[in-house]
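Residue-level structural notes
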Amino acid sequence: MPIIVNLDVMMAKRKMSLNELSEKVGLTLANLSILKTGKAKAVRFSTLEAICEALDCQPADILEYKKEE
Amino acid sequence: MGSKFLALLGAIWYSILCGSQILTLVASFINADWAMRTYEVDLNIFSIREHNITYYVFAMCLIIAVSALKAFVWYVVFALLVKLKMQTPFSMEVQRRLERIAFLLLSVWLFSSFFWKIYIYYLAKDTGIQLPANRSGDEYLFIAAIVYIVSQIFKRGIEIQEENQLTV
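The structure reproduced in this document is the subject of the present report. What you see is a predicted model, and the numbers here were worked out from it, not measured in a lab.

Basis of the calculations
Residues numbered from 1 in each chain as written. Chains lettered and ligands numbered in written order. Predicted model: local features only at pLDDT ≥ 70, side-chain atom pairs only at ≥ 80, totals over all residues. Heavy atoms only, no water. Helix = DSSP H or I, 4+ residues; strand = E, 2+ residues; numbered from the N terminus. Expected span 1.5 Å × (residues − 1). Bend = angle between axes of the 7 residues up to and from the residue. Salt bridge = Lys/Arg side-chain N within 4 Å of Asp/Glu carboxyl O. Buried < 20%, exposed > 50% of the residue type's maximum accessible area, 1.4 Å probe, protein only.

Remarks on helix 5 (residues 92-127) of chain B
In an α-helix, one full turn covers 3.6 residues, which means residues spaced three or four apart are oriented alike. Residues and elements named next belong to chain B. Here helix 5 contains 36 residues, and its C-alpha end-to-end distance of 50 Å stays within 8% of the 52 Å for a straight helix at 1.5 Å per residue. Remark: the principal bend of helix 5, roughly 35°, maps to Leu-110. Where helix 5 ends, the next residue or the one after it, Gly-128, has phi of about 85°, a positive value.

What follows is the structure, encoded as structure tokens:
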């Protein structure tokens, strides 16, 4: 998929673990893992908002578009 | 539980039918008088044997193929019901089996109606024997189409379910 999820990069920048983020955002570890590994097919605005708030970043810091070759 | 039992019963019933038809075919070459008295013998078809043995064998092969296919359809229905979990009914396994049932039903229609009509035409042309063309079979085409449509709706349901599961 040409949409890349840079959640792990932002988590590393904020020095936040998956468990910690899961608690702050209110998502299960399984769902966060789906998002982190790029398996997710859709992201709710509410989830994106919660992640941005927890990581203090913008949606563009987490999601990136890269053209497929 | 009841539906599984019924499907298994259907598979056993048609297997017995198929077996008895094979027995009749084999026995008709060894002892024709005894074969005439066997279970599920069709005397109309048996009379073809006197005129043309090839047409007789061909007719019996068609009838045996239909019974074997019906037995297999019931077996696949039984296997589907065993795999089906009512808590999570939408799975690719169930969809594949539904699709297989649709194609098997189409094969039943091909053998019991389509090929049978062609057979009757050539039988009448070559030997002059007129067999009734009313062997039921056309309904299998209708059922096959319905099962295929249901399997495609199932497929779309699975896709929607997967999409929903992968939405965070």
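A closer look at the pattern of salt bridges
Residue and element names in this part refer to chain B. Overall, the coordinates contain four salt bridges over all chains when judged by the stated rule. Asp-138 serves as the salt-bridge partner of Lys-117, at 3.5 Å between the closest nitrogen and oxygen. Highlighted residues: Lys-117 in helix 5 and Asp-138 in helix 6 (residues 138-165), separated in sequence by 21 residues. Here Lys-117 falls in the partly exposed class, since its relative accessible area comes to 41%. Residue classification places Asp-138 among the partly exposed residues on the basis of a relative accessible area of 43%. In this structure, Glu-159 and Arg-156 form a salt bridge, with 2.9 Å as the shortest nitrogen-oxygen distance. One end of the pair is Glu-159 and the other is Arg-156, both in helix 6 and three residues apart, which spans about a single turn. Residue Arg-156 is classed as partly exposed on the basis of its relative accessible area, which comes to 43%. Salt bridges here are not isolated pairs; linked through shared partners, they connect Glu-93, Arg-96 and Arg-97.

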